[in-house]
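This is what each chain is made of:
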Amino acid sequence: MNYVPPRRSDGTIQHARLKQPWPRGRPFRILSIDGGGIRGVFPAAVLAELESRFLGGASIANHFDMIAGTSTGGIIALALAHGMTARQALNIYLERGDRIFPPAAGLGKVSRALRWVFKPKHDQTALKDELLRIFGGKVLDDAITRLVIPSFEGRHGEPFLYKTPHHPDYQKDRHKKFAHVALHTTAAPSYYPGVEDDGYIMIDGGIWANNPVMNALVDALACFDIAREDVRILSLGTGESTFTVDERARNGGIKDWAFLRSFNAAARAQSRNALGQAYLLIGKNNVTRIDVPESDAPIAMDDVQRSIRELPMVARSLVEGAGHHIERVFLDGEVEQYIRCPIT
């Protein structure tokens with residue numbers, strides 16, 4: 001009989017977190033990065049542009065107290081916590097994107113489309129190899145900053161959050177490998193198969209938290225004695241498609257609400273809701289959101305060529321407009337070194 005692990009939620013600590021001290025008046029800076037497949041080129045390019053313009057090429061990770069990332073955003077978050085610069089993270093997409101999402105043409109494109117009806121669109125082996133090449137054997141205990149990485153556990157159908165040991169209660173994940181966490185948060189349904197992990201089935205965190213801004217904010221407020229008005233959030237998207245429920249969809253069946261349409265609608269709604277909650281909790285003026293303008297022709301999650309061709313230019317343009325505000329709020333000094341909690 002196959003081993004079925006207990007629900008992770010069965011071990012949830014029932015009492016409120018004992019808040020760790022935080023200097024009164026010192027901002028708590030959060031970087032939150034959405035999911036979006038190869039469109040991770042955009043947030044990586046925004047961060048790389050900020051590094052180039054304002055930090056002399058030094059890693060932007062040193063300016064945030066916590067980084068949250070879902071799916072492709074999780075890869076970027078883990079790369080920064082690994083000690084890489086955003087420029088190095090961007091190069092993963094620019095140099096290895098075609099290997100992770102190999103293009104198809106002609107009959108190969110038709111064959112892949114037909115295969116996609118019944119099986120995942122892409123082979124996960126290339127992504128796994130790249131993640132192991134990038135992160136090696138490093139574990140969350142080695143992270144240089146606090147991390148919150150959403151995934152989803154399919155065996156029991158539960159949200160699953162990976163966290164660094166930045167609070168004494170967080171002990172479960174400290175020995176999880178960066179590469180495995182990255183693989184678990186990026187296993188997008190229909191694009192990649194779910195990942196078996198000691199009896200659990202790990203799936204892309206984007207199915208419930210494509211925008212992880214509230215996961216990070218709630219964790220920060222629960223774990224540290226921070227005044228809400230002292231939290232500052234830089235939230236980076238990966239682009240949304242325009243979405244309306246037209247007459248056909250209003251009265252439509254399964255053909256009008258196919259998986260990708262439903263998924264895009266849910267991801268969009270979740271992101272807007274999470275941002276709205278964050279605005280309500282800490283004030284909209286304390287949240288800076290940078291995203292690709294909405295489009296009727298959005299870039300597909302695995303369209304490497306369009307992402308590389310278009311998104312760095314969009315990132316450069318948006319940083320041109322918002323860069324000095326971001327510099328003033330987030331880049332005026334490095335944060336204090338993150339010290340992990342000891343094993344209890």
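Residues numbered from 1 in each chain as written. Predicted model: local features only at pLDDT ≥ 70, side-chain atom pairs only at ≥ 80, totals over all residues. Heavy atoms only, no water.

Some remarks on the overall build of the protein chain
Piece 1. Counting its regular elements, the protein chain contains 11 helices and eight strands.
Piece 2. Looking at the protein chain as a whole, 52% of its 344 residues qualify as buried.
Piece 3. About 15800 Å² of surface is accessible on the protein chain, with carbon and sulfur atoms providing 55% of the total. (Helix = DSSP H or I, 4+ residues; strand = E, 2+ residues; numbered from the N terminus. Buried < 20%, exposed > 50% of the residue type's maximum accessible area, 1.4 Å probe, protein only. Areas by Shrake-Rupley, 256 points an atom, 1.4 Å probe, with all protein chains shown as cover.)

Brief notes about the environment of Ile203
Piece 1. Tracing the sequence through the fold places Ile203 in strand β6 (residues 200-204).
Piece 2. Each C-alpha atom of the pair Ile203 and Thr185 lies 6.3 Å from the other, and the pair is 18 residues apart in sequence.
Piece 3. Not counting residues up to four positions away in its chain, the partners in contact with Ile203 are Ser151, Phe152, Gly154, His184, Ala187, Pro189 and Gly194. (Contact = heavy atoms within 4.5 Å.)

Brief notes about the side chain of Asp230
Piece 1. Relative to the assigned elements, Asp230 resides in the loop between α8 (213-223) and β7 (231-236).
Piece 2. Among buried charged residues, Asp230 stands out as having no salt bridge; its nearest opposite-charge side chain is Arg232, 4.9 Å away.
Piece 3. Separated by 3.4 Å, the side chain of Asp230 and the backbone nitrogen of Gly25 make a polar contact. (Lys, Arg positive; Asp, Glu negative; His and termini not counted. Salt bridge = Lys/Arg side-chain N within 4 Å of Asp/Glu carboxyl O. Polar contact = N/O pair within 3.5 Å; in protein donor to acceptor, adjacent residues only side chain to side chain.)

Description of the pairing of strand β4 (residues 158-163)
Piece 1. Relative to β4, strand β3 (residues 146-153) runs antiparallel, the two sharing six bridges. Directly across from Pro150, in β4, lies its bridge partner Leu161.
Piece 2. Counted between consecutive antiparallel strands, the loop separating β3 from β4 contains four residues, among which Gly157 sits at a positive phi close to 70°. (Pairing = 2+ DSSP bridges.)

Concerning helix α11 (residues 304-330)
Piece 1. Compared with an ideal rise of 1.5 Å per residue, which puts 27 residues at 39 Å, α11 spans 30 Å between its outermost C-alpha atoms and falls more than 12% short.
Piece 2. Of all the bends in α11, the greatest measures close to 60° and is centred on Ala322.
Piece 3. Lining the buried residues of α11 we find β1 (28-33), α1 (41-54), α3 (86-100), β7 and β8 (287-290).
Piece 4. Capping the start of α11, Asp303 holds a side-chain oxygen 3.1 Å from the backbone nitrogen of Arg306, two or three residues further along. (Expected span 1.5 Å × (residues − 1). Bend = angle between axes of the 7 residues up to and from the residue.)

Considerations on α3
Piece 1. Where α3 bends most, at Leu94, the angle is about 40°.
Piece 2. Turning to α3, its buried residues number three or more, namely Ala86, Ala89, Leu90, Ile92, Tyr93, Gly97 and Ile100.
Piece 3. Residues of α3 that are buried in the fold lie against α1, α2 (72-81), α5 (124-135) and α11.

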